[in-house]
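Geometric and topological summary
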Amino acid sequence: MTRKKIAIACQGGGSQTAFTSGVLQELFAQGVQSSHEIVALTGTSGGALNAALAWYGMIQNEAGDKTPVHTRIHNFWNELKASAPMEQWLDYIATHMMRAMGAGRMPKFESSPSSPMSSMIQQAMSHLVPRDNYLDFEGLIKSHIDFDAVKTLVNEHSPTLLMGAANVLTGKMKIFNSRDEPIIPEMILASAAIPSVFPAVQIGEDYYWDGLFSANPPVSQVIRKLHMGTHRFPEEIWIIMIDPLKYQKIPTSPDDILERRTQMTSNISLIQDLEKIALLSFNVKNGNLKESYLESLGFEYAADMTIRFIKISDNVQSQLDYSSKLSRSPQLIDMLVADGQKQADTFIKTLSKPGLTPQQAFEDIAN
């Protein structure tokens, strides 16, 4: 029996993407890679990290490695957590200071992540937290993804990995694509480079910030020949969302305002991407577009598309704030992972039911 082709798109959101890791762990633990043909994994920021871990696990499995994909994702997030008492204490202090400043109870001190002061703080913390890779995000990534092996593992049958970033100097969107060039750690770092936390990441002559500003996550790209080549386009796109579309109150504190502004910014590109797909689908179905015109736009593939969403539960979402996007609290991460696993299990049970058309998906998140 022919397996349905799918693309999994992972929205960014810092530590809150522990939810995404839980979703992916459950999907792969239940054999999604066997029941479906995963043709693309896309993501931005923390979503890009999760997508890369899953993608790497898949290409390793294709090469004969027996390590389950969900185990690789679990192991990364388990190491990311603040585990030692000193790590948990520092995370607790930093998170509560952010919340106090966000509530206006403490003065807020702005500092560039590229400043000498930031470097001094980083060095001081490295003496307090000697564990390898706890403060070295690049080192942590490299300890879980063998980027030298990646160069030899990728082939024409491998799923496509797409990661969104923003070019700081030109303002243009950048999609790092495993089909075009070898994936390197700087690409993941660039997609996750929150400007207030990390300096811009240099790749070649260009500098990049968090893909939140451009494609969060890449969605329309999975139906374009430019990004996917000439075959293996998805019949369904599964979108793992982090930021809610609606807010329950008018934000008044600085922290609430920042949180809601981030959520709205985060969802803009997703809404626009789904609108693009919905308009394309509508015009194709009604015969309004010629094949030659579609080809000129790079949208040769214009078959019916199904969209499905996986979202954080309302109960867990109500416990999150902006500060939690930067926290590595084991209690927070474990809660989000567990919710991701629960939501994924529920999601799998709905796959026998029709998903949303592109128009319905756009209306679902735009109205």
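This one's a predicted model, so the numbers in the text were calculated from it and none came from an experiment.

So, about the packing of helix α1 (residues 18–29) against helix α4 (residues 69–80). Look at α1 against α4: their axes get within 8 Å of each other, and the N-to-C directions meet at 155°. With respect to α4, the element α1 is oriented roughly antiparallel. Taken as a pair, α1 and α4 cross one another with a handedness that is left-handed. Residue-level inspection shows A18, S21, L24, Q25, F28 and A29 of α1 in contact with α4, the latter providing V69, H70, I73, H74 and W77. Its residues placed into classes, the contact of α1 with α4 shows 7 nonpolar, 4 polar and no charged.

Looking now at the environment of M86. Note that M86 resides in helix α5 (residues 85–102). Judged by relative accessible area, M86 falls into the partly exposed class, the value being 35%. Between the C-alpha atoms of M86 and V129, which are 43 residues apart in sequence, the distance is 6.8 Å.

Turning next to the pattern of salt bridges. Pairing between side chains of opposite charge can happen when their charged atoms approach one another. Counted by the stated rule, this structure contains 12 salt bridges. Two residues, K4 and E236, come together in a salt bridge whose shortest N-O distance is 3.3 Å. Taken together, the residues span a long stretch of sequence, with K4 in strand β1 (residues 4–10) and E236 in strand β7 (residues 236–241) at a distance of 232 residues. Judged by its relative accessible area of 3%, E236 is buried. One salt bridge connects D345 with K349, and the closest N-O pair in it is separated by 2.6 Å. Of the two residues, D345 and K349 both sit in helix α14 (residues 330–349), 4 residues apart, roughly one turn of that helix. A relative accessible area of 26% means that D345 is categorised as partly exposed.

It is worth spelling out the packing of aromatic side chains at this point. Taken as a whole, this structure holds 4 aromatic pairs when the rule is applied. With centroids separated by 6.3 Å and ring planes inclined at 75°, the aromatic side chains of F76 and W77 adopt a geometry described as edge-to-face. The pair F76 / W77 is uniform in exposure class, with both members buried. Aromatic pair F176 and Y208: ring centres 5.4 Å apart, planes at 70°, arrangement edge-to-face. With F176 in strand β4 (residues 173–177) and Y208 in strand β6 (residues 206–210), this pair connects stretches of sequence that are 32 residues apart. Classification of F176 by relative accessible area gives buried; the value is 1%. Just above the ring of F309 sits the side chain of K311; from NZ or CZ to the centre is 5.3 Å.

Before going further, it helps to spend a moment on the packing of helix α3 (residues 46–62) against α4. Packing of α3 against α4 leaves a shortest axis separation of 8 Å and a crossing angle of 140°. On the basis of their axis angle, the class for α3 and α4 is oblique. Between α3 and α4 lies a crossing of right-handed hand. Together, L49, N50, L53, A54, Y56, G57, M58, Q60 and N61 of α3 and V69, R72, I73, F76 and W77 of α4 make up the contact between the two elements. Considered class by class, the residues forming the contact of α3 with α4 number 9 nonpolar, 4 polar and 1 charged.

Conventions and cut-offs
Residues numbered from 1 in each chain as written. Predicted model: local features only at pLDDT ≥ 70, side-chain atom pairs only at ≥ 80, totals over all residues. Heavy atoms only, no water. Axes fitted to C-alpha atoms, helices over the stretch in contact; angles between N-to-C directions. Helix = DSSP H or I, 4+ residues; strand = E, 2+ residues; numbered from the N terminus. Parallel < 35°, antiparallel > 145°, perpendicular 65-115°, else oblique. Left-handed = near helix turned anticlockwise from the far one by under 90°. Contact = heavy atoms within 4.5 Å. Nonpolar A, V, L, I, M, F, W, Y, C, P; charged D, E, K, R; others polar. Buried < 20%, exposed > 50% of the residue type's maximum accessible area, 1.4 Å probe, protein only. Salt bridge = Lys/Arg side-chain N within 4 Å of Asp/Glu carboxyl O. Phe/Tyr/Trp six-rings, centres within 6.5 Å; stacked < 30°, edge-to-face > 60°. Lys NZ or Arg CZ within 6 Å of the ring centre and 35° of its normal.

Read these as geometric descriptors, not functional statements.
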